[in-house]
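# Fold and geometry: a report
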Amino acid sequence: MIVSPKIFYENCYGKYAIPAINIFTLEQVFGLFSAGQKANAPFIVQMTPVARNYTHPEMLLGMIKAASRVYPKATFAIHLDHGNEAHALDAIASNHFNSVMIDASHDPFKTNVKRTRSVVIEAHKKNVLVEAELGVLSGVEDDLSVEEKSARYTEPAEVEEFVKETQCDSLAVAVGTSHGAYKFSGGQGIQFHILKEIQNRIPNFPIVLHGGSAVNATEIRRINEHGGQLKTNAKGVPPGDIIEAIKYGVCKINIATDLRLIWARVHREFFIDTPDQFDPIIPGKTYMEECEQFIIEKFDLLGATGKASELKL
Ligand SMILES: [Zn+2]
């Protein structure tokens, strides 16, 4: 069942959070929907413009539609992650998205407001929600790269005006997380005092945390034991920080890196441990199951398990 994220946020605010899983492949889509139905948990399936164009935009949408027939109790929303105006307008026009992100966070405040507002006007005509971003995350996501030195936290004093002027429906904030596998190489972690001040300025307004992967050290170790050369200072968001962030109005937590790491680990182990094998469905099946298991555990951590059938629509 497709549900607007607006319903998710009204139900979960301050109590639990919805994982927003970035998908690129068949195995991820299948694992995600299977996990959602098994755990009776609401989720957001999201894709970047790069993911949409990896094959063709029709492909991921087709897989999502098929997965929702295979798992009819899966309760989900479809979201475009990190779009510009052209990406967002294309997704809105497709009639397949409940929600789009316009990321103008690298622009000055007034430009960000203007660009975000222009997408909100079009989106709201078709009941599509808009996620905007204020503040800049460091790290790498697809073709998006921001120098660590230019990273800047969300300025709490700006959030009220931003939300009022743009009429966006949720706000991604920069409070210390970053994209990719090296979130806290500076060692600072989530800045809860900033998050708290943001919540005070926009109470009951859904906040989105990008870069929410845990970057499990065991995954890094297993990848490196099988020929990988990931830096061991790779570090994600600790589970305790995620739980804490929910209290401050974080409703949506974006997860992309963790599924990439599991992909790398499963395939590296398969090729190193069984060098005589070359059948894609063997590691593919393992990866599907590992994605499902990972996401079921994530639902538990975020408090979303069992919540799909309890949603007040
Ligand atoms: Zn992001």
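Further up the page is the structure itself.
A brief structural summary. Bear in mind the structure is a predicted one, so any value in this text is a computation, not a measurement.

### Here we look at the coordination of the zinc ion
Looking at the metal site, the zinc ion is ligated by H82 (NE2), H179 (NE2) and H210 (ND1), spaced 2.0 to 2.1 Å from it. For the zinc ion, all donor residues lie on one chain, and their spacing in sequence is H-x96-H-x30-H. Of this pair, H82 sits in strand β3 (residues 75-83) while H210 sits in the loop between β9 (207-209) and α9 (217-225); the two residues are 128 residues apart in sequence, bridging distant segments of the chain. A relative accessible area of 12% places H82 in the buried class. When its relative accessible area of 1% is taken as the criterion, H210 is described as buried.

### A short note on the sheet that holds strand β10 (residues 250-255)
Strand order in the closed barrel formed by 8 strands is β1-β2-β3-β4-β5-β8-β9-β10, with parallel pairing between adjacent strands. The mean inter-strand angle of the sheet, taken between neighbouring strand axes irrespective of direction, is 25°. Pairing between β3 and strand β4 (residues 99-102): 3 bridges, direction parallel. If you follow L80 over to β4, its bridge partner there is V100. Along the sheet, helix α1 (residues 5-12) contacts β1 (18-22), β2 (42-47), β3, β4, β5 (129-134), β8 (170-173) and β10; its crossing angle with β2, the most-contacted strand, is approximately 135°.

### Points about helix α2 (residues 26-39)
The periodicity of an α-helix, 3.6 residues per turn, causes residues three or four places apart in sequence to face the same way. For α2, which comprises 14 residues, the first-to-last C-alpha distance of 20 Å matches the rise-based estimate of 20 Å (1.5 Å per residue) to within 8%. Turning to α2, its buried residues are Q28, V29, G31, L32, F33, S34, A35, G36 and A39. Contacts made by the buried residues of α2 are with β1, β2, α4 (57-70), β3, α11 (257-273) and α12 (281-302). Taken from the residues just after α2, N40 is the one with a positive phi, measuring 50°.

### Things to note about the pattern of salt bridges
Under the definition given, this model contains 13 salt bridges. Ionic pairing is found between K6 and E10, a salt bridge with its closest N-O pair at 3.8 Å. Here the residue K6 and the residue E10 both occupy positions in helix α1, the gap between them amounting to 4 residues, near one helical turn. One continuous salt-bridge network, built from bridges that share partners, spans E85, D107 and R115.

### Here's the deal with the packing of helix α7 (residues 156-166) against helix α8 (residues 192-201)
Their axes nearest at 8 Å, the elements α7 and α8 cross at an angle of 35°. Read as a crossing pair, α7 and α8 show a hand that is right-handed. Within the contact between the two elements, α7 uses P156, A157, V159 and E160 and α8 uses I194, E197, I198 and R201. Class assignment for the residues of the contact of α7 with α8 results in 5 nonpolar, no polar and 3 charged.

Rules behind the numbers
- Residues numbered from 1 in each chain as written.
- Predicted model: local features only at pLDDT ≥ 70, side-chain atom pairs only at ≥ 80, totals over all residues.
- Heavy atoms only, no water.
- Donors = N, O, S within 2.8 Å, 3.2 Å for Na, K, Ca; no water.
- Helix = DSSP H or I, 4+ residues; strand = E, 2+ residues; numbered from the N terminus.
- Buried < 20%, exposed > 50% of the residue type's maximum accessible area, 1.4 Å probe, protein only.
- Pairing = 2+ DSSP bridges.
- Axes fitted to C-alpha atoms, helices over the stretch in contact; angles between N-to-C directions.
- Contact = heavy atoms within 4.5 Å.
- Expected span 1.5 Å × (residues − 1).
- Salt bridge = Lys/Arg side-chain N within 4 Å of Asp/Glu carboxyl O.
- Left-handed = near helix turned anticlockwise from the far one by under 90°.
- Nonpolar A, V, L, I, M, F, W, Y, C, P; charged D, E, K, R; others polar.

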